[in-house]
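Below are the chains, spelled out letter by letter.
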Amino acid sequence: MKKIITLLLSVALCFSLAVPAFATANGLDDETKADYYAEYIKIAQEVNQTLGSQISVNPIEEISDDDWMTPEEFREFIIAIETWNVVCDESGPNERSTSSKTKTDTISVSGKTYTISITGRFTTMLVGSRQVFDGIDSITSSTSGDGTWTQTGYTSSLLDQRRTYSITVSGTFRIASATFANKLASADFYCGTTGVVS
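Here's what I pulled together on the structure shown here. (Residues numbered from 1 in each chain as written. Predicted model: local features only at pLDDT ≥ 70, side-chain atom pairs only at ≥ 80, totals over all residues. Heavy atoms only, no water.)

### A word on the environment of Ser 138
You can see Ser 138 is positioned in strand 5 (residues 130-145). Accessibility expressed as a relative area gives 23% for Ser 138, which makes it partly exposed. For the pair Ser 138 and Gly 120, spaced 18 residues apart in the sequence, the C-alpha separation amounts to 6.0 Å. Every residue in contact with Ser 138, bar those within four places of it in the chain, is listed here: Thr 119, Gly 120 and Arg 121. (Helix = DSSP H or I, 4+ residues; strand = E, 2+ residues; numbered from the N terminus. Buried < 20%, exposed > 50% of the residue type's maximum accessible area, 1.4 Å probe, protein only. Contact = heavy atoms within 4.5 Å.)

Have a look at this one:
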């Protein structure tokens, strides 16, 4: 009987040592997360130096279990987002005002989709027989889905005899395990002959 109890205790002890004490839903224990995090920081520094970007790794305690990835996947992820040339184009109907329009651009990376939208509100004026842009009431930008976007500014250029506004917004894009400072997104808005913005 003693041999059976000893055998059972030995088997139970072996199984308890084989399973990490702090395993998470995605299978990463705290030690692996700390190792990955250190690699993330090195990778972000390398990419910043190579691309001249400003990517930082979010604090380890703010990275959700779903956002952990291998260091190789992290490298691919931040390079894809950093090199994403956000050019927003047609999206949805005009709002009630004919001088307002929203344009979007979307990217899918690591199985997740990220969308940035730029909304322009403009005043128009009649010049001869057609409407042209008179000025900008507001330029706002946002993101939908995962991540947060904080607009930090915008620039505008009036082109094509006041019929086109080329807008570039800058912002901080915080997604998954990284923050991208000074991310740029651009959109061109067109004023039709009757003042409808597209």
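What follows picks up the thread again.
### Quick notes on the side chain of Asp 67
As for its position among the elements, Asp 67 is in the loop between strand 1 (55-57) and helix 3 (71-82). A distance of 2.6 Å separates polar atoms of two side chains, one belonging to Asp 67 and the other to Lys 112. If we ignore the near neighbours within four places in the chain, the residues touching Asp 67 are Lys 112, Ala 176 and Ser 177. (Polar contact = N/O pair within 3.5 Å; in protein donor to acceptor, adjacent residues only side chain to side chain.)

### Considering the nonpolar core
Counting residues in each nonpolar core, the largest one holds 41 residues, and the members touching the most others are Phe 77, Ile 78, Ile 81, Tyr 114, Phe 173 and Phe 189. Excluding residues within four positions of it along the chain, Phe 77 makes contact with Met 69, Val 109, Ser 110, Tyr 114, Ile 175 and Ala 176. (Core = buried A, V, L, I, M, F, W, Y, C linked by side-chain atoms within 4.5 Å.)

### Structural notes on helix 3
Between its first and last C-alpha atoms helix 3 spans 16 Å; for twelve residues at 1.5 Å apiece the expected length is 16 Å, and the two agree. Against helix 2 (30-51), strand 1, strand 3 (100-109), strand 4 (112-127), strand 7 (164-175) and strand 8 (178-190) lie the buried residues of helix 3. (Expected span 1.5 Å × (residues − 1).)

### Re the pairing of strand 4
If a strand is regular, its side chains alternate between the two faces of the sheet. Pairing geometry for strand 3 and strand 4, over ten bridges, is antiparallel. The partner of Thr 106 across the bridge, within strand 4, is Thr 115. Between the end of strand 3 and the start of strand 4, which pair antiparallel, lie two residues, with Ser 110 showing a positive phi angle near 50°. (Pairing = 2+ DSSP bridges.)

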